[in-house]
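# Results of the structural survey
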Amino acid sequence: MATVINDYKREFVVKRLPQTFFGGMKLKLGYDAPIYVYINQVLIFILPFVIGGIFTLLVEFDAITYDIASYIYGSIIFLFVVLEQLFSSFNARNSNNVRRLNNVFTEEDEIEFDSCFGSETIDFVLPVKKFKINIIIHSLLSGPLCGIGLWYLLPSTLESLYHNAGATVVLFMFGWFTICVAQYSLTVTSPPEIAIFRSTDPYELQPLMRPLYVYIFLAFHVVQWYDDSYLLVNQILHVVFIFLPLLWSLAVLPPLDALLLWLMEQCLSILGGSPVAGDLRLILLFLASSLIFIIIFFTTSVTGTTIHAAYTGYILSLDHASLANKIISTIKKPKSTNQITSSKTPLGFGWNWGVKEVIFHIVMLSITVVNIILAYLNVNSWSFDNADSVASVDPNLIKALGYVIIGLTVIVKIFGSFQSVYTVFGMWRNNLYPHSIFQMEKYSKTKSRLKILAIMRRIILDFIAPVIMVQYLGLSFMAGSASHSFILALGIVRALRWVWQGTFNSMVEISIVHMINQAFAPTSGSWYDLGLGPQLLLVGLIWNRSNSTIDKIYCYLTVLISTHTYEKQRPKHSSLIIALSAIFFPFILLLIYITAFLSAPLLPLFTLPIILIGFPRPIRSWPGEVGGSANTCQDTVYYSQLSAKLTRALKSCCTSGSLGNLTAGSHFLARFQDRIIWLQVLECGFGFCYLSIKGMELQETSCHTEEAAKIDDIFERSFEKEGGFPFCFFNEDFFHVLTPVDAIPVDTYSSAKTVLTGLIDSPDTLRSIGKNFWKSLTWVLLQHIAHRGQMPVSRTTSPSHVKGIDRGSVNSRTVLVDVNGKMSQNNDEKDSGRATGEVSRPVTASSHKSRKSLASSWGSLNSWNDDDSLDNVAFEKSGNKIPLSNISSVKKEPVTTIPGVVDSALDDDLDDFLKDFATGLPPVDTGDLNIKKTDTFSGAPMGSIKLAGSIQFSSPHSSKLSLPLKWRDIPLESHQISNLLCDFPKDWYRHVIEHLDLSSGVPSASVVDEIMSDEALTSIYVQLISAIFSVVNVLGLSGVDFVSRGPMHVFKVFSGDIPWSLSLDWLSQDEELFNLVIKAYRFAVKMSFDEVVYGEASDNDEVREYLEEYDTECYMGLEDDAGWAEAVLQEKPKLFSMGCDTSSHPPIFTSHILTRQPVMISIGRLNGEIVRALWASLAMELFYCTNDDEERYSIQAHPSILRNLTVQAADPPLGYPIFYSKPINIPTL
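Model, not experiment: these values are computed from the prediction.

A word on the overall build of the protein. Each helix and strand counted, the protein has 41 helices and 16 strands in total. When each of the 1229 residues of the protein is scored for burial, the buried share is 53%. In the protein, 76% of the contacts between residues at least 6 apart in sequence involve partners at least 24 apart. Summed over all atoms, the accessible surface of the protein reaches about 54,800 Å², with 62% contributed by carbon and sulfur.

Shown next as structure tokens:
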């Protein structure tokens, strides 16, 4: 078993507990401190009691009256707090100039004190307030607190309440201790609280927590002074008052922010609303609901109250957040932006506010108003003169409507149970549910039959039942004999809103009340006097708290029993814990009742079966914005793509009832393959449901894996059984926190990770990659040139990560030059040296010089330098243009200047510069610029590779496939690629041309023959592709065959890391060509793997189909590339990547394939109370104990309660989900 809390943290907690109990006094520092440090703290702590005791004696001996004593005493405390804080601030300002360095060998919290009133002592005893304004605020709060507290605890006051001397003495002593504890946080600073709701206190509100609770008790005493009806309340509160330090220490009382949010949420629920998805929305909806209730309350007529509550209840139950967002976005964003954003949102009724939705809600609101008016007309006793006249209605009509509601409740429950995999409280396997979720045909057929019941259920729940309930409530309220009162108005407002906000729960409550009234038929008594509205309110509260109590008991028993049965994490004294739990079970049951009544979570201490009362907090457990932060990583993108698809699929589950009765605070878990999705319901109303989606990490730890395996076992046993499920099949995991409910197909990525050992290291596979690289490179280049003007170049991999690569581009030559230095295109059969539509960039002297400096590092300078013959070219003054391919036939005469030509004197400077670095290469004969017409495929030496000049094609169609000029500057000698020329796949080259989609369409056979007969075009492709193959697979391998280099070479090139050679810069500096080469290599790798799995391609057509599929449907690259995430979000059908684990010897190579397809996602319902309990324990452990040990007990795997996953699903910073969505609205109509 892992350690609950390590020794260091245990010592830290032991030091903190006294601080919490005594209001912040640090009486246990963990090191030897001078005695005056403790004495100073004690004196400040007891000062209110000492001065208060003096004034108590004066009052009791009638020296002064209690009111004068309170004023004087409060003023003294006010002045004391002001003066001591000013003194502390003055000391801090003076001591900031000189600070003594502490001993580096001391503990991190150890302080070296100089004297009783030294600066270190004052800083420690009286720390400075964070905000100066708080000096005044805290002082102003201190005066009334102590002044009224003096009156509150006077012996004469206590004697008048209890008439018992013993009670007076006890309450007086412990009461003053409570005053001192509360005052110390205002005088000095707040203590470390166990009840922490937020990780930080930016506005310094925590010191106000304890004084606020004291003020609440004092307020009741003041009220009772003027109204004796509160005497009993005041007596009870005086007793509770002395236990406040204990309640603060046990974290029963919430901090201020949690208290306010919890109170608003509870009030909103009592008014018929639902917990909401955000703090701001909670505040606004609470204010709106309260204001409407106040207005309705002052409508003194029961009939008027009913009518107003009917239509306001419908309006308040709608999705106001989406409507407000729609209005704001429409105002702020232009039309074009709105159209773009709307395309990303799901289409269909209810997903967003539109004309259809507005018309629908107007119609429903009209039906509600007409319905309540009909109920009023049925009463038949209304009078203009007397609105409060007693109404009468046929009791049989109300009775009949009540029984109809009971029947509809049963039908809705049964039809909803049929949609889920388990019925009867999750115990019995539903035989109507599909017996296999992986046989899609049978699954769809069975689901379509169940869909009929789901539609009937939805019609009843959304339209029939609310109309009937409004009529029933309207008749009952307006025909009732109860007089108008606050509780009656509250019951009416709540009932008529709850009809729409929580329809099924309202049906259950009305059914229970109707059965009680019909069974006992009370005509008098307290139950009858309440009226139907308060009766429904009371039953609703009891029903809600009863369900919560059952879940909490289940939570406690599950934690208790599983702690003992799970041997791996069994505590040392588990048997003793169980025995003590059995002995104190009545007390434990009382704690559970208290937490259920307060709607607060249980707090299992360190997730052990030792429970405390968690402080009340909002139902969603966490403060702040939903989806505000997450521990994002490269796997987050998978959940981003999944969330939108899952949201659409969840709509059918929400409307059919397979998820059960959705209420705020429900939790669900979805699972498929290696992904775990946490769903939390945030808010529910008429026609909508808000939930958040969290994605768990994919890099599974041992704890994560163990719990995930348990989840898989549960879902497999529930959804799949060979031979089908018998009629009587019971849930084997009934007592598990997870109960399977449904499985839905979602269009998302299916992940397949494969170890390539035995495949990628096979010589046959490596040779196949080299062979396919020829084909894929030829296909990629031809396709790119043919469609260059139609499609952008996809950024596959940036070559910037290759060491030593200059990102500067290679300059192109000017094709046709006239005397004015202007560029021109040759519109005859002579090619310009560019693909159609390409414009060369003018060559400047600086760029030319830069290019010459690069060229000096190559083995062959001729392909990078302008030919020397250019210096002597004579141009005709008539302006006729001379193609560079004909330069060799032109008479060489000296000229003065030529645009774009660098003076040869610069070569001397360059040589001097290279000599300084002792570098440079021997000169190489530049050779002839013209391309020799030799047999391209003979493999014979061709001399230096000179392709940069203008080439005269024999076919007019060849210019469409001409290579860009910058690709023709190949820095290789002919002998370096001569052995590769014979490997060029000429038949494949012809096949690709035959299927090219040129601007005029697919070329005919004659055009193909004409292009193939053009040796100039074929030659430049052969030499370019051979040069690229040489750079990738030959030159950088130090003479070793690429097959012999093994799989590491394949992985590096796939990753964009081509082995370095002198010729690599030519390829890497041209990002466009580099990306095309890497793209082609990845195609080759994927095709070789596919051929191993599916068989070798039989002909060129099959190879072409492979490449076309890769190009249009696949993305290939590394998972950490930006393009990978973009491809996932763009929902490419397939993605392929490779990986390498270099930590093992030999390295392990893997592949990862993502395929977008319908995937069955299993969904299970979690016990919400266990989730809230574990989150409450997590907050206490990390915020207060700071026990963040990664191997602590509370984070270890626990398959029965999914402890590790639940901790991970908590909101950051305590949890660490890698994806956390904003509140997502799912329509339920």
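Position of Gly143 among the secondary structure elements: in helix α5 (residues 133–152). Apart from residues no more than four positions distant in its own chain, Gly143 is found in contact with Gly74 and Phe78.

Attention now moves to the pattern of salt bridges. Any two side chains of opposite charge can pair, on the condition that their charged atoms come close. As enumerated under the stated definition, the model contains 30 salt bridges in all. The closest approach of N and O atoms between Glu1169 and Lys552, which form a salt bridge, is 2.7 Å. With Glu1169 in helix α40 (residues 1168–1184) and Lys552 in helix α22 (residues 532–565), the pair connects residues that are 617 residues apart, well separated along the chain. A relative accessible area of 10% means that Glu1169 is categorised as buried. Judged by relative accessible area, Lys552 falls into the buried class, the value being 0%. Note that Arg990 and Glu994 form a salt bridge whose closest N and O atoms lie 3.2 Å from each other. You can see Arg990 and its partner Glu994 sitting in helix α32 (residues 986–994), 4 residues apart, about one turn around the helix.

Evaluation of the coordinates by the stated rule reveals 43 aromatic pairs. Plain terms: the ring middles of Phe55 and Tyr73 are 6.0 Å apart, the flat faces sit at 45° to each other, and that makes the pair tilted. Of this pair, Phe55 sits in helix α2 (residues 35–60) while Tyr73 sits in helix α3 (residues 66–95), and the two are 18 residues apart along the sequence. Here Phe55 falls in the buried class, since its relative accessible area comes to 9%. For Tyr73, a relative accessible area of 0% gives the class buried. Of note, Arg16 hangs over the ring of Tyr1184, and the distance from its end group to the ring centre comes to 5.3 Å. Note that Lys1086 overlies the ring of Phe1136, its terminal NZ or CZ placed 5.6 Å from the centroid.

This part takes up unusual backbone geometry. In this structure, Pro1146 follows His1145 across a cis peptide bond, with omega equal to 0°. Inspection of the secondary structure assignment puts Pro1146 in the loop between β13 (1134–1141) and β14 (1148–1166). Of the consecutive residues Pro1212 and Pro1213, the connecting peptide bond is found in the cis state with omega at 10°. In this fold, Pro1213 is placed in the loop between α41 (1203–1208) and β15 (1219–1220). Unlike most non-glycine residues, Ala251 shows phi in positive territory, near 60°. Checked against the element boundaries, Ala251 lands in the loop between α10 (244–249) and α11 (256–270). The class for Ala251 is buried, based on a relative accessible area of 2%. The backbone of Ser599 sits at a positive phi, close to 55°, despite the residue not being glycine.

Moving on, we come to the pairing of strand β5 (residues 667–672). With 6 of 6 residues buried, β5 is to be regarded as a mostly interior element. Across 6 bridges, β5 lies against strand β6 (residues 675–685) in antiparallel orientation. Residue pairing for β6: Phe668 is matched across the bridge by Leu679. Linking two consecutive strands that pair antiparallel, namely β5 and β6, is a turn of 2 residues; a positive phi of about 50° is found at Gln673 within it. Both β5 and β14 contribute to a ladder of 5 bridges, which runs antiparallel. Bridging from a neighbouring strand, Arg671 pairs with Ser1162 of β14.

Glancing now at the pairing of β6. Most of β6 is tucked away: 11 of the 11 residues are buried. Here β6 runs beside strand β7 (residues 688–695); their pairing, made up of 8 bridges, is antiparallel. From the neighbouring strand, Leu679 faces β7, where its bridge partner is Ile693. Between β6 and β7, which pair antiparallel one after the other, the connecting turn spans 2 residues, and Gly687 there sits at a positive phi close to 85°.

Turning our eyes to something else, we now look at the nonpolar core. The nonpolar side chains of a soluble globular protein tend to be buried, and buried together. Grouped together as the largest cluster of nonpolar side chains are 90 residues, with contacts concentrated most on Leu646, Leu669, Ile677 and Ile1163. If sequence neighbours within four positions are ignored, Ile677 has contacts with Tyr639, Leu642, Leu646, Phe668, Leu669, Ala670, Phe672, Ile693 and Lys694.

Following the sequence through the fold, Gln266 ends up in helix α11. Of the residues examined, Gln266 reaches a relative accessible area of 14% and is grouped as buried. Separated by 3.0 Å, the side chains of Gln266 and Arg545 make a polar contact. Among all residues touching Gln266, those that are not within four sequence positions of it are Arg545 and Ser599.

Turning our eyes to something else, we now look at helix α16 (residues 355–379). Given a rise of 1.5 Å per residue, 25 residues ought to cover 36 Å, and the 37 Å separating the end C-alpha atoms of α16 matches this to within 8%. All of the buried residues in α16 are Glu357, Phe360, His361, Met364, Thr368, Asn371, Ile372, Ala375, Tyr376 and Val379. The secondary structure elements touched by the buried residues of α16 are α13 (302–316), α18 (440–479) and α19 (486–501).

This brings us to helix α34 (residues 1015–1033). Side chains that are three or four residues apart share a direction in an α-helix, a result of its 3.6 residues per turn. Taking 1.5 Å per residue, 19 residues should reach 27 Å; α34 reaches 26 Å between its end C-alpha atoms and fits that length. Among the 19 residues that make up α34, 18 are buried, leaving the element largely enclosed by the rest of the structure. Regarding α34, its N-cap is Asp1014, as a side-chain oxygen of that residue lies 3.1 Å from the backbone nitrogen of Ala1016 further along.

What follows covers the confidence of the model for the protein. Averaged over all residues, the pLDDT of the protein is 81; the fraction at 70 or higher stands at 82%. Here residues 97–108 scores under 50 on pLDDT; set against residues more than four positions off or in separate chains, the count is 8 contacts. Within the model, the stretch residues 791–944 combines pLDDT values under 50 with 248 contacts to residues more than four positions away or in other chains.

Remark: helix α7 (residues 165–187) packs on helix α9 (residues 231–241), axes separated minimally by 9 Å, with the N-to-C direction vectors making an angle of 65°. Our classification of the angle between α7 and α9 gives roughly perpendicular. Touching Leu171, Gly175, Thr178 and Ile179 of α7 are His238, Val239 and Phe241, all from α9. When the residues that make up the contact of α7 with α9 are grouped by side-chain class, the tally is 4 nonpolar, 3 polar and no charged.

Among the surface-exposed residues, Leu27, Ile35, Ile39, Val42, Leu43, Ile46, Val50, Ile54 and Leu58 lie close enough to one another that they form a single nonpolar patch of about 720 Å² accessible area. Note that Ile39 resides in helix α2. Accessibility expressed as a relative area gives 42% for Ile39, which makes it partly exposed.

Below, the discussion takes up the packing of α18 against helix α20 (residues 503–520). Contact pair α18 / α20: the axes reach a minimum separation of 11 Å and the direction vectors enclose 40°. When the axis of α18 is compared with that of α20, the two are oblique. Pair α18 / α20 crosses with left-handed handedness. Judged by residue contacts, Leu461, Ala465, Pro466, Met469, Tyr472 and Leu473 of α18 engage Thr503, Phe504, Ser506, Met507, Ile510 and His514 from α20.

With respect to the element layout, Lys960 can be found in the loop between α29 (905–916) and α30 (965–968). Owing to a relative accessible area of 26%, Lys960 belongs among the partly exposed residues under this scheme. Linking Lys960 and Ala786, residues 174 residues apart in sequence, is a C-alpha distance of 6.7 Å.

So, how was this worked out
- Residues numbered from 1 in each chain as written.
- Predicted model: local features only at pLDDT ≥ 70, side-chain atom pairs only at ≥ 80, totals over all residues.
- Heavy atoms only, no water.
- Helix = DSSP H or I, 4+ residues; strand = E, 2+ residues; numbered from the N terminus.
- Buried < 20%, exposed > 50% of the residue type's maximum accessible area, 1.4 Å probe, protein only.
- Contact = heavy atoms within 4.5 Å.
- Areas by Shrake-Rupley, 256 points an atom, 1.4 Å probe, with all protein chains shown as cover.
- Salt bridge = Lys/Arg side-chain N within 4 Å of Asp/Glu carboxyl O.
- Phe/Tyr/Trp six-rings, centres within 6.5 Å; stacked < 30°, edge-to-face > 60°.
- Lys NZ or Arg CZ within 6 Å of the ring centre and 35° of its normal.
- Pairing = 2+ DSSP bridges.
- Core = buried A, V, L, I, M, F, W, Y, C linked by side-chain atoms within 4.5 Å.
- Polar contact = N/O pair within 3.5 Å; in protein donor to acceptor, adjacent residues only side chain to side chain.
- Expected span 1.5 Å × (residues − 1).
- pLDDT = per-residue confidence, 0-100.
- Axes fitted to C-alpha atoms, helices over the stretch in contact; angles between N-to-C directions.
- Parallel < 35°, antiparallel > 145°, perpendicular 65-115°, else oblique.
- Nonpolar A, V, L, I, M, F, W, Y, C, P; charged D, E, K, R; others polar.
- Patch = residues over 30% accessible without salt bridge, like charges linked within 9 Å, V, L, I, M, F, W, Y side chains within 5 Å.
- Left-handed = near helix turned anticlockwise from the far one by under 90°.

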